[in-house]
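Topology and contacts: notes
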Amino acid sequence: MSLLAAGSLAGVALLAVGGLIVALRGGLRAGLAVQAASMALLGAVGICVLVGGDVIGASFRSTIAPAFGIDPLSGFFLAVLALTAVPTLVFARDYLPGSPGARSVGALTSAFLLSLVGVLTARDVTSFLAFWELMTLVPAAAILLARRDRAVRSAVYSYLAITHLGGAGVWIALIALAYHGAIGDPSALVAAGTGAQTLVAIAALIGFGTKAGFIPLHSWLPRAHPVAPAHLSALMSGMMIKVALYGLIRVEFQWLGATPRWLGLALLAIGLVSCLGGVLWALVQHDLKPLLAYHSIENVGIIALALGASLLFANAGNSTWAAIAFAAALLHVTNHAIFKALLFLGAGAFERAVGSLDLDHLGGLLRRMPWTGGAFLVGSMAIAGLPPLNGFASEWLVLQSLLHVAFYRPLGVGLSGGVALAGLAMTAALALLCFVKVIGLVLLGSPRRVECETAVDPPTGMRAGMAVLAMLCVVLGLVPGLVLPTLARLAPDAHGPVLARHAGLVLPGTGSYLPLPLALALAVLTLGLIAMRGKRRAAPAPSWACGQPVVAALNWTSAGFTKPLRLVLEAVLRPRREIEVVRGGGMVQSVTYTAHVPSLLDASVYEPTVRTGLRAASFVRRLQSGNVRTYAAYLLGLVIGLLVLVHTGVLG
Amino acid sequence: MNAAAALVQLAGVALAPLLPGAIQTLKARLQGRKGPSVLQPYRTLWRLWHKSAVDPGGAGLIYRLAPPLVAACLLAALVIVPVAGRAGSFGLGNDALVLVGVLALARFALAAASWDPGNGFALMASARELMISVFGEALLVLALLVAALPAKSTDLLAMSAAAAGGHIWSGPTHWCGAIAFLLVILLETGRQPIDNPDTHLELTMIHEGPLLEYAGRDLAFLQWAGAARHWVILVLAAELYLPHWGGFAAYLCLLVVGVAVLCGALALVETEQAKMRILRVPALLGVGCAIALAGAGMWIGGVGV
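Small disclaimer: the values here were computed from a predicted structure and weren't measured. (Residues numbered from 1 in each chain as written. Chains lettered and ligands numbered in written order. Predicted model: local features only at pLDDT ≥ 70, side-chain atom pairs only at ≥ 80, totals over all residues.)

Points about the overall build of chain A
- A tally of regular secondary structure across chain A gives 26 helices and 6 strands.
- Seen through its principal axes, chain A has C-alpha atoms that stretch 100 × 75 × 65 Å.
- Out of the 652 residues belonging to chain A, those deemed buried represent 55%.
- Within chain A, contacts between residues separated by at least 24 positions form 77% of all contacts whose residues are at least 6 apart in sequence. (Helix = DSSP H or I, 4+ residues; strand = E, 2+ residues; numbered from the N terminus. Buried ≥ 20, exposed ≤ 12 C-beta atoms within 10 Å, placed from the backbone. Contact = placed C-beta atoms within 7 Å.)

Concerning the overall build of chain B
- Within chain B one finds 11 helices and 0 strands.
- Since a compact globule built from 305 residues should have a radius of gyration of about 19 Å, the 19 Å found for chain B is in line with a globular shape.
- The buried share among the 305 residues of chain B stands at 63%.
- For chain B, contacts bridging at least 24 residues in sequence account for 78% of all contacts bridging at least 6. (Rg over C-alpha atoms; globule rule 2.2 N^0.38 Å.)

Some points on the nonpolar core
- Counting 360 residues, the largest nonpolar core has Leu305(A), Val70(B), Ala76(B), Leu139(B) and Leu142(B) as its most contacted members.
- Every residue in contact with Leu305(A), bar those within four places of it in the chain, is listed here: Leu268(A), Gly271(A), Leu272(A), Cys275(A), Val398(A), Leu402(A), Ala420(A) and Leu424(A). (Core = buried A, V, L, I, M, F, W, Y, C linked by C-beta atoms within 7 Å.)

Some details on the environment of Met381(A)
Residue and element names in this part refer to chain A.
- As for its position among the elements, methionine 381 is in helix H15 (residues 370-383).
- Measuring from C-alpha to C-alpha, the distance between methionine 381 and alanine 65 comes to 47 Å, with 316 residues separating the pair along the chain.
- In this view, methionine 381 contacts Leu386 and Leu389; residues no more than four positions away in its chain are not counted.

Observations concerning helix H26 (residues 628-648) of chain A
Residues and elements named next belong to chain A.
- Counted at 1.5 Å a residue, the expected span for H26 with its 21 residues is 30 Å, and the 30 Å between its end C-alpha atoms agrees.
- Across the 21 residues of H26, 0 count as buried, placing the element largely on the outside.
- A positive backbone phi angle near 90 degrees is found at glycine 649, which sits one or two residues after H26. (Expected span 1.5 Å × (residues − 1).)

Focus on the domain arrangement of chain A
- Along its sequence, chain A is carved into domain 1 (575-608) and domain 2 (622-648).
- With centres defined by C-alpha atoms, the gap from domain 1 of chain A to domain 2 of chain A works out at 52 Å. (Domains from an automatic or database assignment.)

What to know about the pairing of strand S5 (residues 576-584) of chain A
- In terms of burial, S5(A) is largely open, as just 0 of its 9 residues are buried.
- Here S5(A) hands over to strand S6 (residues 587-596) of chain A after 2 residues, with Gly585(A) in that stretch at a positive phi of 65 degrees. (Pairing = 2+ DSSP bridges.)

Side note on H15(A)
All names here are of chain A.
- Across its 14 residues, H15 extends 20 Å between first and last C-alpha, which sits within 8% of the 20 Å expected from 1.5 Å per residue.
- With respect to burial, H15 is a largely interior element, 11 of its 14 residues being buried.
- Along H15, the residues that are buried comprise Thr372, Gly373, Ala375, Phe376, Leu377, Val378, Gly379, Ser380, Met381, Ala382 and Ile383.
- Against the buried residues of H15 lie helix H12 (288-315), helix H13 (319-354), helix H14 (365-368), helix H16 (390-405), helix H17 (411-443) and helix H19 (460-478).

Some words on the packing of helix H6 (residues 120-151) of chain B against helix H8 (residues 172-188) of chain B
Residue and element names in this part refer to chain B.
- Their axes nearest at 9 Å, the elements H6 and H8 cross at an angle of 145 degrees. Handedness of the H6/H8 crossing: left-handed. Side by side, H6 and H8 meet where Ile132, Gly136, Leu139, Leu140, Leu142, Ala143, Val146, Ala147 and Leu149 of the first sit next to Thr173, Cys176, Gly177, Ala180, Phe181, Leu183, Val184 and Leu187 of the second. (Axes fitted to C-alpha atoms, helices over the stretch in contact; angles between N-to-C directions. Left-handed = near helix turned anticlockwise from the far one by under 90°.)

What to know about unusual backbone geometry
- The peptide bond linking Ile215(A) to Pro216(A) adopts the cis configuration, its omega dihedral lying at 15 degrees.
- In this fold, Pro216(A) is placed in the loop between helix H8 (194-212) and helix H9 (221-227).
- Omega for the peptide link from Gln192(B) to Pro193(B) comes to 10 degrees, which places this bond in the cis form.
- Residue placement: Pro193(B) occurs in the loop between H8 and helix H9 (216-241).
- Of note, the phi angle at Ala84(B) is positive, near 50 degrees, even though the residue is not glycine.

This is how it looks when you write it as structure tokens:
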């Protein structure tokens, strides 16, 4: 057995031990430390496999006997999982103790990580599907153990219902693949014909797309992610939806045996709708955690755009750009996992310190919680796609890929590239608007709540977890070119090195993004200008409000800042507002104003579906009378029906 | 040659305030006023440089950091945009999409800074600016896409080289791109009908709003950055959409003429056009997007290529 195989086995065993320590001995902090160490070990194995390009353990097979192994793509996802999980577990060591259900949540964290590792390393259908279902169920159990109110139960119920209905697609796709013997063997499905290929492609798109949070199958995501404990939110938004993308990449890119154009266009369309829809509904949220969850939909959409572009390039026979777009998708997978984990951990720390995440009741936390606030600021700038952080690097690559799609004929493909390019630019601008709002309401200004006045930074472990993730945002932003060639090698059609290794992003035949000199120039210039500015300042003066005194009631709110956009996009967002005026004695006694933006799809798709389902269920209930004679009549009817069918020759 | 181009790029630091100055003077003449001198922006900067800064209550790190960061972003943008088809090797590359990112960073810094003192007018203005920029970004990348089509590259040097000669204007695509880019100029320079740089009414301010609380050298940085934004966008427009022939010197002369003509056009538009209702601006930008997409579509479809 090779060293790497031994390392991965030891990692998995250690991960289980970490869970058992928490579950059996109650050593929460020790158990989480063991889990973090085991994830670091697994991540190291993943990086070795990714860089070395070897396969350890079994390779993919269509049999049902369990088999496990790690190839470079699995290695990449394991490495990303470790990059987010280790800081998250370090954070959880100081975050979990004392919270409700801490011991069970700590043990289930290990089970959740094991199921993620299981999906990534499974080499046969049975274990893949088993771990896939565990990956869905374990966080649901953890959420229910940590919080017991009715709203949470309802959120978990819709999470399970939607992911299981959609998840049927995963079963259909994988069983069809196994039936044709096509798992790990693309030529088998080619032999099975385009019908089978189309079925597998669509089933996988729906199945994995539900779990990844593509619109319109996203509705569970903004409900389930916010109610989990912070470290589980970070892992769910950071990694669980990425593991769904891993499945999507396996099926659509590796086992389909073809790169149909319609699939590329479909991914572009889904990506465009998801990224624009995700960020638009993120903008109108008033609570930090649902806002972050909607941004996960946006970022999954951006990844889908890159994957769609990659398929279109492959279809057009341009393997270099197919690899670049594929690498762009993987780089964004990495970047989003890191900054989304960071933002969810930051939200957890704020909630612990202040007691609420209502955006209109925070404020001034950068000064009072410099560690958390600073890390959160870095994460916000990264997700808003600002240079020189990591979000911009991958968004720049996706923009380049879409721009190059627009160079291709036929007209439909080229134009869809152009439309997607404009859509991604809008998404980036909307994300900027959204995170300016978040930074302003959470970190800047004056405290809007008594608890914010006295908020202090959390203990060392929580600070360390967030600081490491923030540093990763900076490092990956400064030297994205160091990992890009390795990621480009993972593309299905990549033969040999596609890209040369630079610190910056240097692509063939187009402009290049050199973040290191850019960051250096910006830093030196800013510091130089600060030095030029000198210290000549007058005493503070009150802020200008047309001569009125500045009072708390004049504070800007989340809804106020997005008002211009809500007005412009009224037709899409359909905001509802209710004004209630109470009159008494000929005078207005009080006016209450409530406004919210309902989710368009919830109102137009999910609610009618649920209503129809409930109506159908109540109809079916009428069949169940509880009377034995009725059931005997049913049986008699069945037998007669079967006999008639046999007699007419339909059966047998 | 590249050294000369580098010198011109750096000269932009000093020359940029000329552009808003020239527009204001021209506008005054067109309106029958005498107006301020072309050098007025320099006088304003000089005056601000010798005043002390005032921090509003509650202003923190972000508020203090924003003006130098905005100015630094614009300095970086100045060296990313080539001049007359050439650029000095400053090590930042000349990518069009990186330029978009750097300008976005400047916008972010200013908008975040307006949250710090929590001034209502600054926030109103930055909410509007960010709303408009949602549509503005789409328009900008589409206009860049049209300009990138002949070069098949987003390197501004290659894009500028591909726009050389007159033959590129024989098809409809480049015309569509030019029209779209004219809208980009109106938007990014903050001119009427999208924004009014002369307004003294806080309620109508967009670009000027977040500057409201700043004073002294901070305000000088921001005012210079506004002028540099004129330089970056007008030079970029001339790079991508100015028909040009001959070597560096000839191109440079054409560039000067082109930028002067654009300044004149801006002054004329400001004289002729009233400010639009702010909620109508996205429709205007959407029309620009449609024109740019149509241009790109005709290129991809092979019309007039």
